[in-house]
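Coordinate analysis (summary)
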Amino acid sequence: MLGNYQKMGGLAALAEALCYIIGFAIFVFLLDIPGNSRPVENVEFLIDNRILIISTMSIIYIFAALILTVLVLVLHDRLKTESPIMMQVATAIGLIWAGAVVASGMIFNVGAESVISIYANDPERAATLWLAVGIVQNGLGGGIELLGGVWILIISWTGLKSGIYPKFLNYFGIIIGCAGILSVAPAWGVFVEIFGVSQIIWFIWLGMVMLRDETVAKADIPRVA
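Residues numbered from 1 in each chain as written. Predicted model: local features only at pLDDT ≥ 70, side-chain atom pairs only at ≥ 80, totals over all residues. Heavy atoms only, no water.

A short note on the overall build of the chain
Summing up its helical and strand segments, the chain has eight helices and zero strands in all. Along the chain, helices and strands appear, N-terminal first, in the series α-α-α-α-α-α-α-α. Dimensions along the principal axes, computed over C-alpha positions, put the chain at roughly 75 × 40 × 25 Å. Summed over all atoms, the accessible surface of the chain reaches about 11800 Å², with 69% contributed by carbon and sulfur. Separation between the mean location of the 11 positive side-chain charges and that of the 15 negative ones in the chain comes to 14 Å. (Helix = DSSP H or I, 4+ residues; strand = E, 2+ residues; numbered from the N terminus. Areas by Shrake-Rupley, 256 points an atom, 1.4 Å probe, with all protein chains shown as cover. Lys, Arg positive; Asp, Glu negative; His and termini not counted. Charge placed at Lys NZ, Arg CZ, Asp CG, Glu CD.)

As structure tokens, this is what we get:
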């Protein structure tokens, strides 16, 4: 049973990383976002790239958040016997983080559709609404990485103290977690970028370790002749 949970968690971790990689690749290579443009021009860019933008945001926010929920619960099941109280805290924070991220994606998508429908009759009002949507969406899903930072920090600290998962993976997670927590200060926005890129590496590393451990667990099961 533990092996099945480990496999599920490993696949979820890898899928989480894949969602972010796909999203970042689309924004870098397919969406030429205008810089220093007027609010109305931002709405026009949204209209011109409507399907691609909404699809991408669904991948990196809505789908990624649902996958994250699976990983949060699997890690809770794996580590709860090592530190029950800390894992209760970590799991609560992880689920809140996933909820905030999925809400961010839904607000963006619904807000985008509303802005597009308003633009035809009142471009200025549409631009104002789009600014408001951006502030709310960013506040919930990426402008501050406090929730994700605390979750990864607790997971990594628990893993380090219990000897579960490689030591360097846990140290790396602690560093990422601290970066996410430091992003709470608006002036330290660089930590948002550090957290965003580093968590992809952490998810891939964790996923590979969990799948490897699942394979080892199967190999250790005694076979009945």
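Points about the confidence of the model for the chain
In the predicted model, the chain carries a mean pLDDT of 90, and 92% of its residues have values of at least 70. No element of the chain has a lower mean pLDDT than helix 8 (residues 190-219), at 84, and none a higher one than helix 7 (residues 167-182), at 96. Segment residues 215-225 is flagged for pLDDT under 50; beyond a separation of four residues in sequence, or across chains, it makes zero contacts in the model. (pLDDT = per-residue confidence, 0-100. Contact = heavy atoms within 4.5 Å.)

A few points about the side chain of Gln137
Position of Gln137 among the secondary structure elements: in helix 5 (residues 123-141). Since its relative accessible area comes to 7%, Gln137 is described here as buried. (Buried < 20%, exposed > 50% of the residue type's maximum accessible area, 1.4 Å probe, protein only.)

Let's talk about the nonpolar core
Core analysis: the biggest nonpolar cluster contains 55 residues, and Leu71, Trp151 and Trp202 have the highest contact counts within it. Of all the elements in the fold, those that place two or more residues in this core are helix 1 (2-30), helix 2 (39-48), helix 3 (50-79), helix 4 (84-119), helix 5, helix 6 (146-162), helix 7 and helix 8. Ignoring sequence-local partners within four residues, the contact set of Trp151 consists of Leu68, Leu71, Val72, Leu75, Ala90, Ile93, Gly94, Trp97, Trp202 and Phe203. (Core = buried A, V, L, I, M, F, W, Y, C linked by side-chain atoms within 4.5 Å.)

Digging into the pattern of salt bridges
Across all of its chains, the model carries four salt bridges by this definition. As a salt-bridge pair, Glu41 and Arg38 come within 3.8 Å of each other at their nearest N and O atoms. A relative accessible area of 32% means that Glu41 is categorised as partly exposed. A salt bridge links Asp77 to Lys80, with the nearest nitrogen and oxygen atoms 3.5 Å apart. (Salt bridge = Lys/Arg side-chain N within 4 Å of Asp/Glu carboxyl O.)

Section: the packing of helix 6 against helix 7
Relative to each other, helix 6 and helix 7 sit at 155°, their axes nearing to 7 Å. Judged by the angle between their axes, helix 6 and helix 7 are roughly antiparallel. Where helix 6 crosses over helix 7, the handedness of that crossing is left-handed. Across the interface between the two elements, Leu146, Gly149, Val150, Ile152, Leu153, Ser156, Trp157, Gly159 and Leu160 from helix 6 touch Lys167, Asn170, Tyr171, Gly173, Ile174, Ile176, Gly177, Cys178, Gly180 and Ile181 from helix 7. Broken down by class, the residue content of the contact of helix 6 with helix 7 amounts to 11 nonpolar, seven polar and one charged. (Axes fitted to C-alpha atoms, helices over the stretch in contact; angles between N-to-C directions. Parallel < 35°, antiparallel > 145°, perpendicular 65-115°, else oblique. Left-handed = near helix turned anticlockwise from the far one by under 90°. Nonpolar A, V, L, I, M, F, W, Y, C, P; charged D, E, K, R; others polar.)

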